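Spelled out from the first residue to the last, the chains are:
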Amino acid sequence: MPGKEYFTLSEIDQVADAIRSRTHYQPRIGMILGSGLGDLANAVEKPESIPYDEIPMWPVSTVHGHVGRLVFGLLENQPVVVMQGRVHYYEGYSMQEVTLPVRVMQRLGVEIIVVTNAAGAIRPEFAPGDVMLITDQLNMVGMAGLSPLRGPNLDDLGPRFPDMSQAYDRQLMDAARNVAVQAGIQLHEGVYACLAGPSFETPADLRFLRAIGADAVGMSTVPEVIIARHGNTRVIGFSGISNKANLDGSTITTHDEVLQAGQVIVPKLKTLILGILRDLA
Ligand code: HPA
């Protein structure tokens, strides 16, 4: 599967038009649900869903734990679109394909994107089942040259050299902190590092990541946030901590562990996200 390298604005708009013909919702908020977190979509009221394989050009998840559909509906009375499952670079998709859904959400009128992922904890005080508010990101894949913005810039959507000094929206982070305090949810904060995967990290990889300031590590989110910010979409992000990263090589990491932790994390994320949406209303 050679990944498609670039999408033109008219291709992106074709996808958006195809989706518009299938739902009457005009979403203001988009949500991307990571591994094991798909159950959050069940909170959507009056849902209308579209399977990914019925949307032209849309990348289809191949990973266990990703349902693979768009759910439109209401959360706290606000129109939302939820991606129940995402695709990753390691599945064989290009960075442009991985991030096409964010482009399409922008064309559908989405102003705020909530990104979620499953992540390994690098900080020793984080435990499986915890939630981390993402305050910044480390783009390991991008530093090696793989940017979703590589190629002709779509000037209608954003600038050639987008600023990333405030990738995660300060006001939305404050809202998340307030909701966490009110709801009695422990909310860690930290930097999320994105690696390509799919192999988990070696202990040496993890000690390197710790040394450069990463608090949690995963295989997604960062490309999506770059595309969101290129188009001036506001972003808030949460990592669901699924496992302790194995800095000394004493334990192993499995995908099942990642999916299981999701069960504990989903109710917390639901409280946080609904609280933020109430704050926006
Ligand atoms: N490493 C990378 N990605 C992950 C991990 C991890 O430990 N846990 C969940 N996603």
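Remember, it's a predicted structure, so these values are computed and weren't measured experimentally. Along each chain, the written sequence defines residue order, and numbers are assigned to residues from 1. Where local features are concerned, this predicted model is filtered to residues with pLDDT of at least 70; where side-chain atom pairs are given and counted, the filter is 80 or more; whole-chain, interface and lining totals use all residues. Hydrogens and water are ignored here; the side-chain numbers use all heavy atoms of the structure.

J.: Teacher, can you tell me more about the overall build of the chain here?
T.: Of the regular secondary structure elements, the chain holds seven helices and nine strands. In this setup the radius of gyration rests on C-alpha atoms only. A globule is expected at 2.2 Å times the number of residues raised to 0.38. The C-alpha atoms of the chain give a radius of gyration of 17 Å, which matches the 19 Å a tight globule of 281 residues would have. Summary of the burial criterion: residues with accessible area below 20% of their type's maximum are buried, those above 50% are exposed, and those between are partly exposed, where the area comes from a 1.4 Å probe applied to protein chains only. Per-residue burial for the chain yields a buried fraction of 58% across its 281 residues. Restricting to contacts in the chain with at least 6 residues of sequence separation, those with at least 24 account for 83%. Note that His is not counted, nor are the chain ends; the positive residues are Lys and Arg, and the negative ones are Asp and Glu. By convention, charge coordinates are those of NZ in Lys, CZ in Arg, CG in Asp, or CD in Glu. Across the chain, the 22 positively charged side chains and the 30 negatively charged ones have centroids separated by 3 Å. Secondary structure elements follow DSSP: runs of H or I of four or more residues count as helices, runs of E of two or more count as strands, with numbering from the N terminus. By definition in these notes, contact holds between two residues if any of their heavy atoms fall within 4.5 Å.

J.: Help me out: how do you make sense of helix 1 (residues 9-20) in this one?
T.: Within an α-helix, residues lying three or four positions from one another point in the same direction, as the helix has 3.6 residues per turn. For a helix, the expected span equals 1.5 Å multiplied by the number of residues minus one. Spanning 12 residues, helix 1 covers 16 Å between terminal C-alpha atoms, matching the ideal 16 Å at 1.5 Å per step. Among all positions in helix 1, only Leu9, Glu11, Ile12, Val15, Ala16 and Ile19 are buried. On its buried face, helix 1 is in contact with strand 2 (45-51), strand 3 (69-75) and helix 2 (95-108).

J.: Looking at this structure, how should I read the site of the ligand?
T.: Here, proximity means that at least one heavy atom of the residue falls within 4 Å of the molecule or strand. Lining the immediate surroundings of the ligand are Ala118, Ala119, Gly120, Phe200, Glu201, Val217, Gly218, Met219, Ser242, Asn243 and Val258. Here a polar contact means two N or O atoms within 3.5 Å. Within protein one must be a hydrogen donor candidate and the other an acceptor candidate, and residues neighboring in sequence count only if both atoms are side-chain atoms. The backbone of Gly120 places a nitrogen or oxygen atom 3.3 Å from a nitrogen atom of the ligand. Here Ser242 contributes a side-chain N or O atom positioned 3.4 Å from a nitrogen atom of the ligand. In isolation the ligand has 260 Å² of accessible area, and contact with the protein removes 95% of it. In these tables, accessible area is a Shrake-Rupley quantity obtained with a 1.4 Å probe, and a residue counts as shielded only by the protein chains included in the view.

J.: Would you explain the packing of helix 4 (residues 170-183) against helix 7 (residues 255-280) in this entry?
T.: Helix packing for two helices is described by the angle between their axes and how far apart those axes are. Axis lines are fitted through C-alpha atoms, for helices just across the contact stretch, and the angle between N-to-C directions can take any value from 0 to 180 degrees. Interhelical geometry of helix 4 versus helix 7 gives an angle of 120 degrees and a closest axis separation of 9 Å. Classified by the angle their axes make, helix 4 and helix 7 are oblique. Helix 4 and helix 7 meet at a crossing whose hand is right-handed. On helix 7, the residues that touch Leu172, Ala175, Ala176, Val179, Ala180 and Ala183 of helix 4 are Thr271, Leu272, Gly275, Ile276, Asp279 and Leu280. Throughout this description, any angle smaller than 35 degrees is read as roughly parallel, any larger than 145 degrees as roughly antiparallel, any in the 65 to 115 degree range as roughly perpendicular, and the remainder as oblique. Rotating anticlockwise by less than a right angle from the far helix to the near helix defines a left-handed crossing, while the corresponding clockwise rotation defines a right-handed one.

J.: Would you mind showing me how to read the pairing of strand 9 (residues 234-244) here?
T.: Consecutive side chains of a regular strand alternate in pointing toward one face of the sheet and then the other. Of all 11 residues in strand 9, nine are buried, a share of seventy percent or more. Of the strand pairs in this sheet, strand 5 (residues 112-121) and strand 9 are connected by 10 bridges, and their pairing is parallel. If you follow Ala119 over to strand 9, its bridge partner there is Ile241. At least two bridges found by DSSP between two strands is the condition for calling them paired. In the sheet, strand 6 (residues 131-139) pairs with strand 9 via three bridges, with the strands oriented antiparallel. Within the sheet, the bridge partner assigned to Val131 lies in strand 9 and is Gly240.

J.: Quick question: what am I supposed to make of the pattern of salt bridges here?
T.: It is possible for side chains bearing opposite charge to pair when their charged atoms get close. One side-chain nitrogen of Lys or Arg within 4 Å of one carboxyl oxygen of Asp or Glu is enough to make a salt bridge. Taken as a whole, this structure holds 13 salt bridges when the rule is applied. With a closest N to O distance of 2.8 Å, Glu125 and Arg123 form a salt bridge. The class for Glu125 is partly exposed, based on a relative accessible area of 47%. Close ionic contact of Asp174 with Arg177 constitutes a salt bridge, the shortest N to O distance being 2.8 Å. Of this pair, Asp174 and Arg177 both sit in helix 4, three residues apart, roughly one helical turn.

J.: Any chance you could explain the packing of aromatic side chains here in plain terms?
T.: For Phe, Tyr and Trp, rings pair up if their centres lie within 6.5 Å, where Trp contributes its six-membered ring, and each pair is then called stacked (planes under 30 degrees apart), edge-to-face (over 60) or tilted (otherwise). In total, this model carries one aromatic pair according to the counting rule given. Taken together, a centroid distance of 5.7 Å and an interplanar angle of 35 degrees make the contact between Tyr52 and Trp58 tilted. By relative accessible area, which is 6% here, Trp58 ends up buried. Two conditions define a charge sitting above a ring: the NZ of Lys or the CZ of Arg must be within 6 Å of the ring centre, and it must be within 35 degrees of the ring normal. The ring centre of Phe7 lies 5.3 Å from the NZ or CZ of Lys4, which sits over that ring.

J.: Which parts of the structure should I look at to understand helix 7?
T.: For helix 7, spanning 26 residues, the distance from its first C-alpha to its last is 35 Å, which sits close to the expected 38 Å at 1.5 Å a residue. Residue Val264 marks the point of greatest curvature in helix 7, where the axis turns by about 40 degrees; the proline Pro267 follows within four residues. Bend is computed residue by residue as the angle between axes fitted to the seven residues ending at the residue and the seven residues starting at it.

Function-wise, these values are silent; they only describe arrangement.
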